[in-house]
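# Observations on the model geometry
One-letter residues, chain by chain:
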Amino acid sequence: MPLKRKLVKELEGLSKKFLDSDKRKVLLVSLKGDKTEWFRWVSQMKGILKNIDKTEAVKFSGLLLLLEQSPDSQFYAAISLQK
């Protein structure tokens, strides 16, 4: 259980980097330049996601699908800005 809590904290911190508009701008600007910040963020996300088991991965995917269907959510708004 402590491992899951640690992963959740890490995922929360990394997610906030994308959901916070100022921090998201830094990540997106990185895509137009040297991409270092973007690759670092993606690498950290991949590290977290590969350490969750299949059940947790299914739950996470389901959550993302639910958020995708809710245009009022902050997550949906953040993703929509990228399109």
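Residues numbered from 1 in each chain as written. Predicted model: local features only at pLDDT ≥ 70, side-chain atom pairs only at ≥ 80, totals over all residues. Heavy atoms only, no water.

A tally of helices and strands in the protein chain yields 5 helices and 0 strands. In the protein chain, the succession of helices and strands from N to C terminus is α-α-α-α-α. Residues counted as buried form 16% of the 83 residues belonging to the protein chain. When contacts within the protein chain are restricted to residue pairs at least 6 apart in sequence, long-range pairs at least 24 apart make up 48% of them. (Helix = DSSP H or I, 4+ residues; strand = E, 2+ residues; numbered from the N terminus. Buried < 20%, exposed > 50% of the residue type's maximum accessible area, 1.4 Å probe, protein only. Contact = heavy atoms within 4.5 Å.)

This part covers the packing of aromatic side chains. Taken as a whole and assessed by the stated rule, the structure comprises 1 aromatic pair. Between Trp-38 and Trp-41, the aromatic rings sit 5.3 Å apart at their centres with planes inclined by 40°, giving tilted as the arrangement. Highlighted residues: Trp-38 and Trp-41, both in helix 3 (residues 36-49), separated by 3 residues, approximately one helical turn. Note on Trp-38: relative accessible area 16%, which makes it buried. A residue is classified by how much of its surface remains accessible, and Trp-41, at 12% relative accessible area, is buried. (Phe/Tyr/Trp six-rings, centres within 6.5 Å; stacked < 30°, edge-to-face > 60°.)

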